[in-house]
Every structure is written in structure tokens, then in C-alpha cells.
Amino acid sequence: MNGVTLSPSPPDGVDVVLPCLDEAGALPWVLARIPAGWRALVVDNGSTDGSAEIALGLGATVVQEPRRGFGAACHAGLTAATAEVVCFCDCDASLDPSLLEPFVREVRAGGADLVLGRRRPHGRGSWPAHARAGNLALARLLRRRTGLRLHDLGPLRAGRREALLGLGLTDRRSGYPLEMVVRAADAGWRITEHDVPYLPRTGASKVTGTWRGTWQAVRDMSRVLNDVPAREGIPR
């Protein structure tokens, strides 16, 4: 993994991991909404539209992850992070990273170990029917596997960096967000979920824009549910 680091995160700051693949059109909106004092870690996953250069020009830290895959980009960002609390957010303008502020306060106050955003669609076309169906199926499988009564496996989330690294996440494709929740649940983490508006994304989705992409993601995540064994002693 190669990266360009502009400045380390302040000791009491927050790092926001933004996996990025050809998101030039969305980056200005997303980066403008990073809370003051937080560091944006844009993980470029092989963009060809100048996303990395745009992110640098807007003051973000850019991490290069040539291995394609949502999980590969997310984990590269987590590894590059230095702040105590790390957040994750999609880089396509479908989610507002400023909404992470109460998530971080909840983690720091000890109210939860992992805070997730439950996406609530705002605007026509923000969440296609096939993508919602896939998410619902996965939420039911997750409930059966862990007992967690979550409604969404969305990408907006916050947790402590060292604890997240301690989960030993191995998926590097679409199953990464689910693996994080499964391993956290197996370790007895306190996991909470809060509603967040889900907006129409900028550009075409790389995963859920089609039925084929959606069900490929569902297959990836179903495999995670079957493959991840219960683990004890994972730190909080």
C-alpha cells in the first residue's frame, strides 16, 4: 500500500475512511462535509478520472490501494488511520459524513463499541428496489447468525481503531462491512443503529447499480456469514 500523508490526525481527532473509485464528481460535496478537525482518508482504488488529484487538492489525505475491492479499500484506510476513533463513509455523495458526529460522541462516551447508520432513502432513485431487497435478505441472515436485530448493513459507521484492527478482518470485497459486524457481535460488542438520510448517489454504482451487482454482493456477504467462526477475546 502506497500513500501520501499530508498531516497526522490530531490526538483527539477522528479519521474518516472514504473508499473511492472514480468519484471525481462527488468528492467536493463529500469533503466539504467532513467535520472540522477530522481527517479525510480518501482511499483511491484505481480511479482513472482524477479522483486522487481532486482529493489532494481539496486537502484530503490520499491512500493508494491498487487491489480492487471495497473491503481492500476500507481496510487500507483503517490501516493508514492514526486517530483513536475511525469512521467509514461512502464517497459517492449518498451519505453525509457530518452525520458521523453523534456516532463518534456515542463511541467516546462508552455508549457503544460500533455505531451504524440505518439508511432511510431520500429522493427518487436513492435506493433501488433490488438493492433494498438484497439488504433485507442479509439483515435477516445476520439476525439468524448473531441475534442482532439490525435493519441495515450500510457503510456509515464508527468505532475505535485498535479494536477494529483487533477484529482480524480478512474479506477484501463486498463482505467487509458484514464481516466487521459479525466479528464484533461474536466478541460481545455493543452495536447500535441510527437512522440517516440516504441520498441519490453521484455517478453509477459499482455494486448495487444492477441486479447482478447486488446479488454478487449478497453472495459475498452470505459467504462471510458461513465462513466467519465465533471468536472469543476480541478487544473492545
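Thresholds applied
- Residues numbered from 1 in each chain as written.
- Predicted model: local features only at pLDDT ≥ 70, side-chain atom pairs only at ≥ 80, totals over all residues.
- Heavy atoms only, no water.
- Helix = DSSP H or I, 4+ residues; strand = E, 2+ residues; numbered from the N terminus.
- Buried < 20%, exposed > 50% of the residue type's maximum accessible area, 1.4 Å probe, protein only.
- Areas by Shrake-Rupley, 256 points an atom, 1.4 Å probe, with all protein chains shown as cover.
- Core = buried A, V, L, I, M, F, W, Y, C linked by side-chain atoms within 4.5 Å.
- Contact = heavy atoms within 4.5 Å.
- Phe/Tyr/Trp six-rings, centres within 6.5 Å; stacked < 30°, edge-to-face > 60°.
- Lys NZ or Arg CZ within 6 Å of the ring centre and 35° of its normal.
- Salt bridge = Lys/Arg side-chain N within 4 Å of Asp/Glu carboxyl O.

Novice: Now, about the overall build of the protein chain: what can you tell me, with residues and values included?
Specialist: Check the secondary structure of the protein chain and you find 8 helices and 8 strands. Within the protein chain, the fraction of its 236 residues that count as buried is 53%. Total accessible area on the protein chain stands at roughly 10,300 Å², and carbon and sulfur atoms take up 52% of it.

Novice: Pulling in residues and values, what's your account of the nonpolar core?
Specialist: Leu114, Leu164, Trp189 and Ile191 are the most contacted members of the largest nonpolar core, which totals 34 residues. Counting residues per element, the ones that place at least two in this core are strand S3 (39-44), helix H3 (70-80), strand S5 (85-88), strand S6 (114-121), helix H5 (129-146), helix H6 (161-166), helix H7 (176-186) and helix H8 (211-227). Broken down by element, this core gets its largest block of residues, 6 residues, from H7. Apart from residues no more than four positions distant in its own chain, Ile191 is found in contact with Leu114, Leu116, Leu148, Leu150, Val181, Ala184 and Ala185. Membership of the second largest hydrophobic core comes to 32 residues, among which are Ile34, Val62, Val104 and Ala112.

Novice: For the packing of aromatic side chains, give the residues involved together with the corresponding values.
Specialist: Applying the stated criterion across every chain yields a total of 0 aromatic pairs. Directly above the ring of Tyr198 sits Arg119, whose terminal nitrogen or CZ lies 5.0 Å from the centroid.

Novice: So what's going on with H7? Residues and values would help.
Specialist: Among the 11 residues in H7, 10 count as buried, and that is most of the element. By the burial criterion, the buried members of H7 are Tyr176, Pro177, Leu178, Glu179, Met180, Val181, Val182, Arg183, Ala184 and Asp186. In the segment just after H7, Gly188 is the residue with positive phi, at about 80 degrees.

Novice: Let's hear about the pattern of salt bridges: which residues, and what values?
Specialist: According to the stated counting rule, one finds 9 salt bridges in the structure shown. The partner of Glu65 in a salt bridge is Arg67, and the shortest N-O contact between them spans 3.0 Å. What makes Glu65 buried here is its relative accessible area of 3%. Measuring nitrogen to oxygen at the nearest pair gives 2.8 Å for the salt bridge that ties Asp152 to Arg119. Here Arg119 lies in strand S6 and Asp152 lies in the loop between H5 and strand S7 (157-160), a separation of 33 residues in the sequence. Judged by relative accessible area, Arg119 falls into the buried class, the value being 12%.

Purely geometric numbers; function is a separate question.
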